[in-house]
Amino acid sequence: MTKKIELSVLDPSPIVEGGSAELSLQNTLVLAKKTEQWGYKRFWLAEHHNWAGMASSASPIVIGRVASVTEEIRIGSGAMLLSHYSPLSVAEQFGTLETFFPGRIDLGLGRAPGTDQYTANVLRQRVAGEPEFDARLEELIAYLYGTGTATKNGSFSFHAIPGEKTNVPIWLLGSGLYSAQLAGILGLPFSFAGHFAPGNMMEAIKLYRDYFRPSQFLEEPYVLLAVQVVAADEKQEAQRLATSMYQKFLLLTRGQPSPILPPVDNMDEIWNDNERKAVEEQLFTSIIGDPAGVKQQLHELIEKTDADEIMAHTEIFDHKERLRSYEILAQAAVN
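Each residue is numbered by its place in its chain's sequence as written, counting from 1. Only residues with pLDDT of at least 70 are given local features in this predicted model, and only at 80 or more are side-chain atom pairs given and counted; all residues enter the totals for whole chains, interfaces and linings. The basis for every side-chain value is the complete set of heavy atoms in the structure, and neither hydrogens nor water enter the calculation.

Student: An account of the packing of aromatic side chains is needed here, citing residue identities and associated values.
Tutor: For any pair of aromatic rings, the description consists of the separation of the ring centres together with the inter-plane angle of the planes. Only Phe, Tyr and Trp rings take part, Trp by its six-membered ring, and two of them pair if their centres are within 6.5 Å. Stacked means planes under 30 degrees apart, edge-to-face means over 60, and tilted covers everything else. Evaluation of the coordinates by the stated rule reveals 9 aromatic pairs. Relative to Phe 212, the ring of Tyr 208 has its centre 5.9 Å away and its plane inclined at 75°; by these criteria the two rings are edge-to-face. The residues Tyr 208 and Phe 212 share a single accessibility class, namely buried. Among the aromatic side chains, those forming a connected cluster through ring pairs are Phe 190, Phe 192, Tyr 208 and Phe 212. The classification of residues rests on relative accessible area computed with a 1.4 Å probe and restricted to protein chains. Under 20% of the type maximum is buried, over 50% is exposed, and intermediate values are partly exposed.

Student: Which residues make up the pairing of strand E4 (residues 105-110), and what values go with them?
Tutor: Under the scheme used here, helices are H or I runs from DSSP no shorter than 4 residues and strands are E runs no shorter than 2 residues, and both carry numbers assigned from the N terminus. Of all 6 residues that make up E4, 6 are buried, and the element is covered over most of its length. What you see with E4 is no split at all: Ile 105, Leu 107 and Leu 109 on one side and Asp 106, Gly 108 and Gly 110 on the other are buried throughout. Look down the strands so they point away from you; if going from the first strand over the helix to the second traces a clockwise path, that crossover is right-handed. The parallel pair strand E3 (residues 74-81) and E4, bridged by helix H3 (residues 87-100), forms a crossover whose chirality is right-handed. Strands are treated as partners if at least two bridges between them are detected by DSSP. In the sheet, E4 pairs with strand E7 (residues 170-174) via 3 bridges, with the strands oriented parallel. If you follow Gly 108 over to E7, its bridge partner there is Trp 171.

Student: Residues and numbers for the packing of helix H10 (residues 291-305) against helix H11 (residues 319-334), please.
Tutor: Two elements in contact, H10 and H11, have axes separated by 9 Å at closest approach and are oriented at 60°. Viewed along their axes, H10 and H11 adopt a mutual orientation that is oblique. For the crossing formed where H10 meets H11, the hand is right-handed. For the pair H10 and H11, the contacting residues are Pro 291, Val 294, Lys 295, Leu 298 and His 299 in the first and Ile 328, Leu 329, Ala 332 and Ala 333 in the second. Nonpolar residues are Ala, Val, Leu, Ile, Met, Phe, Trp, Tyr, Cys and Pro. Charged residues are Asp, Glu, Lys and Arg, and all others, Gly as well, are polar. Classifying every residue of the contact of H10 with H11 gives 7 nonpolar, 1 polar and 1 charged. Fitting a line to C-alpha atoms yields each axis, with helices limited to the stretch in contact; the angle taken between N-to-C directions then spans 0 to 180 degrees. For classification, angles of less than 35 degrees are called roughly parallel, those exceeding 145 degrees roughly antiparallel, those between 65 and 115 degrees roughly perpendicular, and all remaining angles oblique. Helix crossings get a hand from a simple test, with the near helix turned counterclockwise from the far one by less than a right angle marking a left-handed crossing and a clockwise turn marking a right-handed one. The contact criterion used is simple: two residues touch if any of their non-hydrogen atoms lie within 4.5 Å.

Here it is in structure tokens:
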């Protein structure tokens, strides 16, 4: 295989059982510095709300802090949930980040509620007649790439200061087909959420490439694929560490989101057959294994999808073992 494997990180600042948001955010800073040393291309922070297991809810603030302790790695949102915010506010925030850290900021955008619809309603305070995602995106592009927007009769104009003409790279993220098609039509890079919704992966990637039109943003389609990765020096240990991930998704299927739990020796003592199948359907693209196994699975995934970049999402209970997982993955990409 000759295609270079580009690697990146998707970090939700996971909170472990018995830990704290403060510790998780400090661990995020350590992880960012380490992955930069290991050659990762970008480091994105996930946005989630009202979730006991994730501390990166105020992702623009975390992005700025991570950028301040790193030097070259690109830092961004995975994803900023545009439906919750005004495009002007997002443009100002990411324009400010780009001003502080020129050439290093990515703006990944998502349409999902971020946790559940009740939390989304609290965040958005939605009112009748407010613009939908497509219109918000068009307005945001105008702020970052153009000269702002104006009222329909031209009586007043709006500008993102800072932000205007900063050309912060915009990505569309999705777990279904809508964002894939929209990203293609607009000629934007597309990131697929294979780390929790792999069922639509191949169809979404094909749809994106079929609809892609060259634009001011890209001349050719660019696919970033997020997947779960759990690597360890021994295969059996990697499989044991992965049970923390299995428990997380099991509890989600039960409607019980929680902090990351310690690994267990036998998941069959925790889930039933239907629950196991439901979790496996969400995680079948996961890369789990020792260095040789991770290398093989990584190459197979690239060959299957022809993805331009793999974004690893790794939630392991012990922080040192989590760091080792990312180190093994980095070595697998270059060896």
